[in-house]
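# Geometric and topological summary
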Amino acid sequence: MWKQISKKLEPFQYTVWTEFTPLAIKNKAINLGQGFPGFPCPDFVKESLADATNSNENQYSRPQGVPALVEEIARHYGKKHNRVINPMTEVAVTEGATEGLLSAFLSMVDTGDEVVIIDPSFDLYVPQTILAGGIPKLVSLIPPEAGQTKWGVDFEKLEQAFNEKTRVFVINTPHNPLGKMFSSEELQKIAQILEKWPNVAIISDEVYEHIAFNENKHLSLCDFSNLWERTATFSSAGKIFSVTGWKIGWAVGGPEIMRKISTSHLWTTFCSNTTCQGAVARSLRMADNPYMGFPDYYQWIANQYSRKKEILYEILSNTKKFKIEPMEPEGGFFLLGRVNPNDIDPKYLANGSPDFAFCRWMTENLKICAIPCSAFFSPQSKHLGHNFVRFALCKDYSEYEAVARILN
Ligand code: PMP
Ligand code: GLN
C-alpha cells in the first residue's frame, strides 16, 4: 500500500520531458527538445548573482518577493502596461512560473469548479487544474490548412465553454508549443466574452513575452477591457535571462488576485530563492541599458532568437533526410515542423502516435531530439497534434551547426 502513489497523482506519472531529455542524453543526441537555453546567461546576470551572494542575501525572504525585486517588476511592467503598479500589492514572486501557476490554481479553484483552457496547452495547466480539484474545459484552436501556419480561435466554441461553474480562464501567448501570438483582434474578442463572465479569474501565461518575430508584437490580455484587476499575468526570469534552473517567476495583476497567489505560495514554498531574487532584481535594472550594440538587452535577446529561427527554418527546409514542412512561428522558444511519419523506420510506428514515433526515431537514429506535439493536446484533440514535432530555438549556434551537418 505504501508503494502506491496517491490517486490524485496516479494519472500524471509521465511527462514528455522525463522521456525525451534522458533519451537525448542516452543517445548523445543534440537536444532541440526541452526548452532550456544551450548557451550561458549574460555576464551582467552572472555578476548580479555574485553581487547578491556577496551581499549576504541568503535567508528566507518576504513571501511575496524581496522588496528590491517587486519594485523592479512594478517599474518594468508599469511601463509596459502604462499604469502605476503597487510593488507591495500587485506583484507576486514565485518559484518559477511553474509554482506560480500551481499557486494560482490552488487559490482560485475549488472541487468541481471549471477551468477553461485553450487546447493545445503547455503541459502543466491540465494536471494542475485537476490537482486543485477543478475540471478542465478544453477549447480547441483551429489547425492551419496544409501550407499555412496560423492557428485560429473558434470564438463560438470558446463562448460555449463558459457557464456558472467557470472559475478560471487560461491563455498562453506567445504559445508553447505552437508559437502563436494572440492578435489584438483575437484578444479583443476574448475580452468581450470575459466581460460577460465578471466572476471568472484569468491566468495569462506570458513567459515568452520578449520573443516576438517579424512584425508580431506581444500583447497582454490584461490590457483589454479593464481586465487588469482579475488577471494574473505570469513571466519568468528563466526565459528572460536564460537561467531556467534559478526558478524565479512572478505574476502581476490586481491586489486581490495577487493576494490569493501569495497566500497559496505560503503553503507551497513559503518564499522563493532569496539570492536569485536579488540577482534578478539587479538584472532587470541592468537589462534596460544598451547591450551588445542593441538599445537594450531585450532587443538583443529577441534578435538572437530571430536569427536562430531563421537558421533552423533553413536547415529544415533543405533536409533530404525526411519530409518536413517547417512552420514559421510568430513568437516564443519553438518552431513546429509538419512531418510525414511514412519516412521513418516502421518499427517505431508500432508503438504510439506518429509524432512520438518520429521523435523517438530521430533521437535514436539521427541523434537529434525534438518533442512530439500531441503531448500538449487533450485526449479529444490529440489527433490534431499527431503530425507536428517541436524544435527548440533556445540552443547554442554550435548546436544548430551540428544539426545542419546531420540534416543537410
Ligand atoms: N509556462 C510556459 C508556457 C512554459 O513554457 C514554461 C517553461 N517551463 C513555464 C510556464 C514554466 O516556467 P518556469 O521555468 O519559470 O517554471
Ligand atoms: N518549458 C519547457 C518546454 O516547454 C520545459 C518545462 C519543463 O521541463 N517542465 O520545453
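Definitions and limits used
- Residues numbered from 1 in each chain as written.
- Chains lettered and ligands numbered in written order.
- Predicted model: local features only at pLDDT ≥ 70, side-chain atom pairs only at ≥ 80, totals over all residues.
- Heavy atoms only, no water.
- UniProt positions renumbered as here; feature names shortened; annotations may be inferred.
- Near = heavy atom within 4 Å.
- Polar contact = N/O pair within 3.5 Å; in protein donor to acceptor, adjacent residues only side chain to side chain.
- Areas by Shrake-Rupley, 256 points an atom, 1.4 Å probe, with all protein chains shown as cover.
- Helix = DSSP H or I, 4+ residues; strand = E, 2+ residues; numbered from the N terminus.
- Domains from an automatic or database assignment.
- Patch = residues over 30% accessible without salt bridge, like charges linked within 9 Å, V, L, I, M, F, W, Y side chains within 5 Å.
- Salt bridge = Lys/Arg side-chain N within 4 Å of Asp/Glu carboxyl O.
- Buried < 20%, exposed > 50% of the residue type's maximum accessible area, 1.4 Å probe, protein only.
- Core = buried A, V, L, I, M, F, W, Y, C linked by side-chain atoms within 4.5 Å.
- Pairing = 2+ DSSP bridges.
- Axes fitted to C-alpha atoms, helices over the stretch in contact; angles between N-to-C directions.

If you look the protein chain up in an unreviewed UniProt entry, it shows as Aminotransferase class I/classII large domain-containing protein from Blepharisma stoltei. A UniProt comment under Cofactor (unreviewed entry) is attached to the protein chain, and it reads "pyridoxal 5'-phosphate". Under the UniProt heading Sequence similarities (unreviewed entry), the entry covering the protein chain gives this text: "Belongs to the class-I pyridoxal-phosphate-dependent aminotransferase family."

## Things to note about the site of ligand 1
The immediate surroundings of ligand 1 are formed by 13 residues, with T98, D205, Y208, S236 and K239 found nearest. D205 is positioned with one of its side-chain polar atoms (N or O) 2.5 Å from a nitrogen atom of ligand 1. Residue K247 places a side-chain N or O atom 2.7 Å away from an oxygen atom belonging to ligand 1. Relative to its free-state accessible area of 400 Å², ligand 1 is covered by the protein chains to the extent of 92%. Ranked by residues supplied to the shell around ligand 1, first place goes to helix α4 (residues 96-108) with three residues.

## Some words on the site of ligand 2
Every residue close to ligand 2 is listed here: W17, Q34, G35, F122, N176, Y208, K239, F334 and R390. Against a free-state accessible area of 300 Å², the protein chains account for coverage of 79% of ligand 2. Residues lining the shell around ligand 2 come from more than one domain, with at least three contributed by each of domain 1 (10-41 + 297-407) and domain 2 (43-286).

## Points about a nonpolar patch on the surface
A contiguous nonpolar patch, built from Y60, L266, W267 and F270 and spanning about 560 Å² of accessible area, is present on the exposed surface. Locating L266 in the fold gives a position in helix α9 (residues 255-268). Accessibility expressed as a relative area gives 31% for L266, which makes it partly exposed.

## Quick notes on the nonpolar core
In this structure, F241, W250 and Y297 are the most contacted members of the largest nonpolar core, which totals 102 residues. Per-element accounting of this core gives the leading share, eight residues, to helix α11 (residues 297-317). Looking at which domains feed residues into this core, each of domain 1 (10-41 + 297-407) and domain 2 (43-286) supplies at least three. The next biggest cluster of nonpolar side chains, apart from the first, holds 28 residues, and it includes V139, A191, L221 and F377.

## Overview of the pattern of salt bridges
Under the counting rule described, the total for this entry stands at 19 salt bridges. The partner of E19 in a salt bridge is R360, and the shortest N-O contact between them spans 2.6 Å. In this pair, E19 sits in helix α1 (residues 16-26) while R360 sits in helix α13 (residues 354-366), placing the two residues 341 residues apart along the sequence. Residue E19 is classed as buried on the basis of its relative accessible area of 18%. Between E57 and R282 there is a salt bridge, with the nearest N and O atoms lying 2.7 Å from each other.

## Observations regarding the sheet that holds strand β4 (residues 135-140)
Read from one edge to the other, the open sheet built from seven strands follows the order β2-β8-β7-β6-β5-β3-β4, with strand pairing classed as mixed. For this open sheet the edge positions go to β2 (91-94) and β4, each flanked by a neighbour on one side alone. Adjacent strand axes in the sheet meet at a mean angle of 20 degrees when their direction is disregarded. By the bridge criterion, four bridges tie strand β7 (residues 231-236) to strand β8 (residues 249-252) in an arrangement that is antiparallel. Bridge pairing in β8 places S235 opposite W250.

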